[in-house]
Structure formats: structure tokens, C-alpha cells
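Fold and contact review
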Amino acid sequence: MKSANPNTLLFLILFLIALLCLAINISSGSVAIPIKEVFKSVLGGNASKETWDYIILNYRLPKAITAVLVGMGLSISGLLMQTLFRNPLAGPYVLGLSSGSSLGVAIVTLGAGLLPPFIASILLSSYGIILASCLGSFLVLIAVLVVSQHLRDTMAILIIGLMFASFTSAIVGVLSYFSTAEQLQKFTFWSLGSIGNLSWSSIIILGLAVLVGLILSIISIKPLNSLLLGENYAQSMGMNFKKTRLIIIFATSLLAGSITAFAGPIAFIGLAVPHVAKLAFKTSNHHTLFWSTLLFGAIIMLICDTVSQLPGTDLVLPINAITSIIGAPIVIWLLIRKKSFQ
């Protein structure tokens, strides 16, 4: 008899851990709900208490699904960027997309006072802020795509993305300087990230954007493996490098841009998770890394969200604070263990 593939067993374990983390995430919060009741409610039955059903279906399940989408999308976009730029410290926001989103939101939240009250109220609504974030990210994406068509050197695109980030951050700084305390507070709350305020319609839109981004990423798996040995090798194998680079940049932009628009800029997940997957599976093959990064992204994001809820209390910490507290030590550890970058 053939022994089971160790990767298959590891994938199964990760999948079961993800389901457990999902159940614990939904059951945790200011009102503790038994995991058995969570499964009852989610699988179409009725929990023992009507209020539990309401809490699960209207608050906790949407938030948990958002956490899964955010974790998977940012992790995969981080993996794409690290392979494209051959840089272990590249993340989903190296192209300046997060800064573009921040600029769009800053213009709306910090500059709304200059507009008529009716228009300002529309722009400051949740959908107005999402639209502003999307537009900001989209404009930076267009700029990066245009520039990438005129450059052969991939590292130059990375530098240009960082320059876009510096430029937009400077404008945000100027807007902040002339803003009121109330406007700054609103912008600060957005920048801390939140995955608990999305309606089902917003989750569907986010889910579709993440799905398209993941499909484009799956298409890029074979070219990504070729890129591990360098651009010249990939081209010698018959790969259309410009087309592949365009698909990878667009997939990353779609994943990171849509997530930032709906959940704010979430730090460290895209940077740290791909390295966790590489260490766990001890491979650089993207046929394995893609799916392991997906699962680890969902698991780590669910854990971060569960911790941020401070189970048993009414307090909720900013999700960005928790992802940074967990992610920063991982990145420091990876820097010390340089062999893991090889």
C-alpha cells in the first residue's frame, strides 16, 4: 500500500483547524455562544435561544466570512509580490495601493467640511468611503500599470510603487495638518482597519473581487514557479514575461485594493503568512504554496479577529493592532533566520 502524501495530511489538518477557528471566532465575543449552537445555526437549524441566532447570522458570521476573505486575499497577494520582486519583505501594498486608498479616504473625510452638507453626508457614509478608497487605489493601479508597460526592470516598478506611496502619504499629511480633531479621528479609525461593519451585500461584492483575484493568481502559478529562477530563465522557457507581470500586478491590485476599500489597510498578514506557509511545507513550489498560504491566511486572520474581540468583555481592539502584534515578531524571527528566505 502506498503511504499517504504528507502534504495531503497537512492540508487536511489545516482545513480542520480553519473550521475550528471559524467556529471559535463565531462563538466568541461579549456574549459567549456554545460551539454546538453555532453549528446548529449556521447549518440551517435553530439555536437554543433566538437571540443567539440573531447575533450569529447578523453580526458574527458576516464578520468571520470577511476575516476569511481578508486573510486569504492579503496572503496570496503578498505571495505574488514576494515572488515577482524576489524580495522576502515585499507585501501586498508595495505598489502603493494602500496609500492610494488612504489618499481617497483622506480627501473625503478630511476635506468634506469644504463641501455642502448634503454632499458631505453622502461622501462620509460607509459606501462613500468605500468608493473613495476604491477610486484612490484604482488611480494608483492605472499609474503603476502604465509605468510597467514602459519598464523592463521589475525592481524599478517596486521603487515607483514606493514613490507613489511617499507622494500620497505627503498629501495625506498636508490634509491632516489642516483638519479638525473630529475629521482626524474618523480617518484614524478607518486606518486602524475593521472587518465587523460590512453588510451581506458588501461581503458579496468583496467576495466576488477576491474570487476573481484568486482565479488570476491560480492562472499565474506555473509562471511564478519559473520566476523563482529569474526573469531571464522564465523568458527562455517561453514565458511572456510582460503579460505575466501584468496579470500578477492586476491580481494583487484587485485583492489588496478591494480588501483595503472594505476593511481598511490591514498590516502584516500579506507579509508574514507566505513565510509561515514556506516554513510549514518546506517548499517553494507554488502549486503547494498557493493553497497552504490560503489556509494559513484564513486561520491567522480568524485568530487575530478572535483575540481582538477580547472574549467575555464588551471591548473590541483595532484589528490592525492585533495583526501587527502577531505579525511583527514573525517578521523579526524570519529576518534572524535568513536561511528561510533562500
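What you see is a predicted model, and the numbers here were worked out from it, not measured in a lab. (Residues numbered from 1 in each chain as written. Predicted model: local features only at pLDDT ≥ 70, side-chain atom pairs only at ≥ 80, totals over all residues. Heavy atoms only, no water.)

1. Topic: the overall build of the protein chain
Basically, it comes down to this: Helix and strand assignments follow DSSP, with helices taken as H or I runs no shorter than four residues and strands as E runs no shorter than two, numbered in order from the N terminus. Buried residues are those whose accessible area, probed at 1.4 Å on protein chains only, stays under 20% of the maximum for their type, while exposed residues exceed 50% and partly exposed ones sit between those limits. For this count, His and the chain ends are skipped, Lys and Arg are scored as positive, and Asp and Glu as negative. Where a charge sits is defined by one atom per residue type, namely NZ (Lys), CZ (Arg), CG (Asp) or CD (Glu).
Secondary structure assignment for the protein chain yields 15 helices and 0 strands. When its C-alpha atoms are laid out on the principal axes, the protein chain stretches across 65 × 60 × 35 Å. Classification of the 342 residues of the protein chain by burial places 49% in the buried group. Taking the average place of the 18 positive charges on the side chains of the protein chain and the average place of its 8 negative ones, the gap between the two points comes to 18 Å.

2. Description of the side chain of Thr-244
Operational definition: Pairs of residues are marked as contacts when any of their non-hydrogen atoms sit within 4.5 Å.
With respect to the helices and strands, Thr-244 occurs in helix H12 (residues 241–263). When its relative accessible area of 8% is taken as the criterion, Thr-244 is described as buried. In contact with Thr-244, not counting residues within four places along its chain, are Pro-223 and Met-239.

3. Structural notes on unusual backbone geometry
Even without being a glycine, Arg-86 presents a positive backbone phi close to 50°. For Arg-86, a relative accessible area of 55% translates into the label exposed. Phi angles above zero are rare outside glycine, and Lys-282 is one such case at about 50°. Tracing the sequence through the fold places Lys-282 in the loop between helix H13 (269–281) and helix H14 (286–308). Residue classification places Lys-282 among the exposed positions, given a relative accessible area of 72%.

4. Concerning the nonpolar core
To keep it simple, the criterion reads: For the purposes of this section, nonpolar cores are sets of buried Ala, Val, Leu, Ile, Met, Phe, Trp, Tyr and Cys residues that join through side-chain atoms within 4.5 Å.
With 75 residues, the main nonpolar core has Val-70, Met-81, Phe-85, Leu-95, Ile-249 and Met-301 as its most contacted residues. Top element by residues in this core is helix H3 (residues 50–84). It accounts for 15 residues. Leaving out residues up to four positions away in the same chain, Met-81 has contacts with Arg-86, Ala-90, Gly-91, Pro-92, Val-94, Leu-95, Ile-248 and Thr-252. With 8 residues, the next largest nonpolar core counts Val-105, Leu-110, Val-172 and Phe-187 among its residues.

5. Digging into the environment of Ile-219
Secondary-structure assignment places Ile-219 in helix H9 (residues 200–219). Sequence spacing of Ile-219 and Ile-247 is 28 residues, and the spatial spacing of their C-alpha atoms is 8.8 Å.

6. Examining the confidence of the model for the protein chain
Heads up, the rule is: A score between 0 and 100, pLDDT records how confident the predictor is in each residue.
Residues of the protein chain with pLDDT of at least 70 account for 92%, and the chain-wide mean is 83. For the protein chain, per-element mean pLDDT is lowest for helix H5 (residues 117–123), which scores 65, and highest for H14, which scores 93.

7. Quick look at the packing of H3 against H9
Quick note on the threshold: Each axis is a line fitted through C-alpha atoms, taken for helices only over the stretch in contact, and angles between the N-to-C directions span 0 to 180 degrees. Put simply, angles under 35 degrees are roughly parallel, angles over 145 are roughly antiparallel, angles from 65 to 115 are roughly perpendicular, and the rest are oblique. Each crossing is labelled by how the near helix is turned from the far one, with a counterclockwise turn of less than a right angle marking it left-handed and a clockwise turn marking it right-handed. Amino acid classes used here: Ala, Val, Leu, Ile, Met, Phe, Trp, Tyr, Cys and Pro are nonpolar; Asp, Glu, Lys and Arg are charged; the rest, including Gly, are polar.
With their axes 10 Å apart at the nearest point, H3 and H9 run at an angle of 25° to one another. Considered as vectors, H3 and H9 are oriented roughly parallel to each other. Note that H3 runs across H9; the crossing there is left-handed. Contacts from Leu-57, Leu-61, Pro-62, Ile-65, Thr-66, Leu-69, Ile-76 and Leu-80 in H3 reach Trp-200, Ile-203, Leu-206, Gly-207, Val-210, Leu-214 and Ser-217 in H9. The residue inventory of the contact of H3 with H9, partitioned by class, reads 12 nonpolar, 3 polar and no charged.

8. What about H3?
Stated formally: Given the number of residues in a helix, its expected span is that number minus one, multiplied by 1.5 Å. Take the seven residues that end at a residue and the seven that start at it, fit an axis to each, and the angle between those axes is the bend at that residue.
Spanning 35 residues, H3 covers 50 Å between terminal C-alpha atoms, matching the ideal 51 Å at 1.5 Å per step. If you look at H3, its biggest bend is around 45°, right at Ile-56. Within H3, 27 of the 35 residues are buried, leaving the element largely enclosed by the surrounding structure. Where H3 terminates, the next one or two residues include Arg-86, which has phi positive at roughly 50°.

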